[in-house]
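# Understanding the architecture of this molecule
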Amino acid sequence: MTTEREVHAASFDRAADAYERGRPPYPAEVVAWAVPAGARRVLDLGAGTGKLTRVLVDAGLDVVAVEPSARMREQLAGAVPEATALEGAAERIPLADGSVDAVVVAQAWHWVDPAVAVPEVARVLRPGGTLSLIWNIRDHSEPRVARLDELLRRHTRGELDTAPVIGEPFGAPERTEIRWRHRLTRAELLDMVASRSYVIVLPDDERERLLADVAALVGDAGEIEMPYVTRCTRVTRR
Ligand SMILES: C[S@@+](CC[C@H](N)C(=O)[O-])C[C@H]1O[C@@H](n2cnc3c(N)ncnc32)[C@H](O)[C@@H]1O
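Residues numbered from 1 in each chain as written. Predicted model: local features only at pLDDT ≥ 70, side-chain atom pairs only at ≥ 80, totals over all residues. Heavy atoms only, no water.

Attention shifts here to the overall build of the chain. On a plain count of helices and strands, the chain comes out with ten helices and seven strands. Against the compact-globule benchmark of 18 Å for 238 residues, the chain has a radius of gyration of 18 Å, which places it among compact chains. Counting only C-alpha atoms, the chain reaches 50 × 40 × 35 Å along its principal axes. By the burial criterion, 51% of the 238 residues in the chain qualify as buried. (Helix = DSSP H or I, 4+ residues; strand = E, 2+ residues; numbered from the N terminus. Rg over C-alpha atoms; globule rule 2.2 N^0.38 Å. Buried < 20%, exposed > 50% of the residue type's maximum accessible area, 1.4 Å probe, protein only.)

Here it is, written out as C-alpha cells:
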C-alpha cells in the first residue's frame, strides 16, 4: 500500500519546472561545512533539479547525483551537465560499496525511510566518510515571513525534524546553522510556494486560492528578500 509520505515524496515529478524556477539555492559555506576537506567523490542524494549539485560542482568536486523523479533529473541534467545523474533513491543507491567520500542530502531526508536508508548510505561511503543533512528554512522571526508561513501552515502537518538522530554505524552528530538572504522576484516566490509537495497535491481550486492569497500578501513588490537559516547535521561513518 502506498503511504501518504510516498505520495508526497513522488509529487515533485509534477512540479519540476516550478521547483527549478522558485526554490532557493544554497550558499557556498554550506558545502564548505557539509563536505570535509580532502573529499573528492561526493553523492548528492535526492538531488532534485540540482540546486545543491551545482554548488558542489563549483567547489571542484566529482559529483554523482541520485534522484528518483525523472522530470527532476531532466532539469538537473540540463542545469548541471558536469554531474553524473542516476535514477535511484536513498533506500536503493546505484553505487558500489565504499565508492564515495561524502553523501549530502538537501531538503530530502524527511522523505526517506531511515531504517533502510542509513545502512544503504553507510554501504556506499568509505569508512571515515561523512553524511550531511541540509535544510533551507525560512526565517519566520521576520513578521512578513511569519505572515507567509501562516498561510502555508494551513496546508502542512507539523514541523520538519531538521535535527534528526542517525545512529549506528555513524558517530555523534555535529550541527550548524548558516544565515543568509535570497533575493527573488514575485513570480519566483509564487513558484517557490507552488513547488512545495503539500501544495502540489492540493485540489486545483485550493491551490489556486492559496497562490492568490500569497500573491495578495506580496502585493506589487517586484523583488522580495527572503531570509533563510540553513540547518546542517553531519555524521561520520565509523
Ligand atoms: C524538496 S526536494 C530537494 C531537492 C534538492 N536536494 C534540493 O535541495 O533542491 C526533495 C527531493 O527528494 C526526492 N525524493 C523523494 N523520495 C526520495 C527518496 N526516498 N530517496 C531520495 N530522494 C527522494 C524528490 O524526488 C525530490 O526531488
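Picking up where we left off.
Let's shift gears to the site of the ligand. In the neighbourhood of the ligand, 21 residues make up the surrounding shell, with Tyr19, Tyr26, Gly46, Glu67 and Ala106 lying closest. Ala90 places a polar main-chain atom, nitrogen or oxygen, 2.9 Å from a nitrogen atom of the ligand. One of the side-chain nitrogen or oxygen atoms of Glu91 is found 2.9 Å away from a nitrogen atom of the ligand. With the chains in place, 95% of the 590 Å² that the ligand exposes on its own is no longer accessible. A per-class count over the shell around the ligand returns 13 nonpolar, four polar and four charged. (Near = heavy atom within 4 Å. Polar contact = N/O pair within 3.5 Å; in protein donor to acceptor, adjacent residues only side chain to side chain. Areas by Shrake-Rupley, 256 points an atom, 1.4 Å probe, with all protein chains shown as cover. Nonpolar A, V, L, I, M, F, W, Y, C, P; charged D, E, K, R; others polar.)

Assignment of secondary structure puts Ser195 in the loop between α8 (186-194) and α9 (197-200). You can call Ser195 buried: its relative accessible area is 0%. At 2.8 Å, the side chain of Ser195 forms a polar contact with the side chain of Arg23. Ignoring anything within four residues of it in the chain, the contact list for Ser195 reads Phe12, Ala15, Ala18, Tyr19, Arg23 and Ile200. (Contact = heavy atoms within 4.5 Å.)

To continue, consider the nonpolar core. Counting residues in hydrophobic clusters, the biggest one holds 26 residues, and the most contacted among them are Leu43, Leu45, Val103, Trp109, Val121, Leu131 and Phe170. Mapped by element, the contributors of at least two residues to this core are β1 (41-45), β2 (62-66), β4 (100-106), α6 (114-124) and β5 (125-138). Among residues more than four places away in sequence, those in contact with Trp109 are Pro114, Ala117, Val118, Val121, Leu131, Leu133, Trp135, Pro164 and Ile166. If you look at the next biggest cluster of nonpolar residues, it comprises 22 residues, including Val31, Ala39, Leu61 and Ala102. (Core = buried A, V, L, I, M, F, W, Y, C linked by side-chain atoms within 4.5 Å.)

With that out of the way, let us pick up the packing of aromatic side chains. Here the structure, examined in full by the defined rule, presents three aromatic pairs. Between Phe12 and Trp111, the aromatic rings sit 5.9 Å apart at their centres with planes inclined by 75°, giving edge-to-face as the arrangement. Here Phe12, found in the loop between α1 (4-10) and α2 (16-22), pairs with Trp111, found in the loop between β4 and α6; they are 99 residues apart in sequence, far enough to count as distant. The two residues Phe12 and Trp111 agree in class, both being buried. Between Trp180 and Tyr228 the ring centres are 5.3 Å apart and the planes differ by 20°, which places this aromatic pair in the stacked class. Of this pair, Trp180 sits in strand β6 (residues 174-185) while Tyr228 sits in strand β7 (residues 223-236); the two residues are 48 residues apart in sequence, bridging distant segments of the chain. In terms of burial, Trp180 and Tyr228 fall into one category: buried. (Phe/Tyr/Trp six-rings, centres within 6.5 Å; stacked < 30°, edge-to-face > 60°.)

What the seven strands build is an open sheet, ordered β3-β2-β1-β4-β5-β7-β6; its pairing is mixed. At either margin of the open sheet sits one strand with a lone partner, and together these are β3 (84-86) and β6. Mean inter-strand twist for the sheet, computed between neighbouring axes without regard to direction, equals 20°. As paired strands, β5 and β7 are joined by nine bridges and run antiparallel to one another. Of the residues in β7, the one forming a bridge with Trp135 is Arg231. (Pairing = 2+ DSSP bridges. Axes fitted to C-alpha atoms, helices over the stretch in contact; angles between N-to-C directions.)

Glancing now at the environment of Pro81. Note that Pro81 resides in the loop between α5 (70-79) and β3. In this structure Pro81 comes out as exposed when scored by relative accessible area, which is 59%. In the structure, Pro81 is positioned 82 residues away from Ala163 in sequence and 32 Å away in space, judged by C-alpha atoms.

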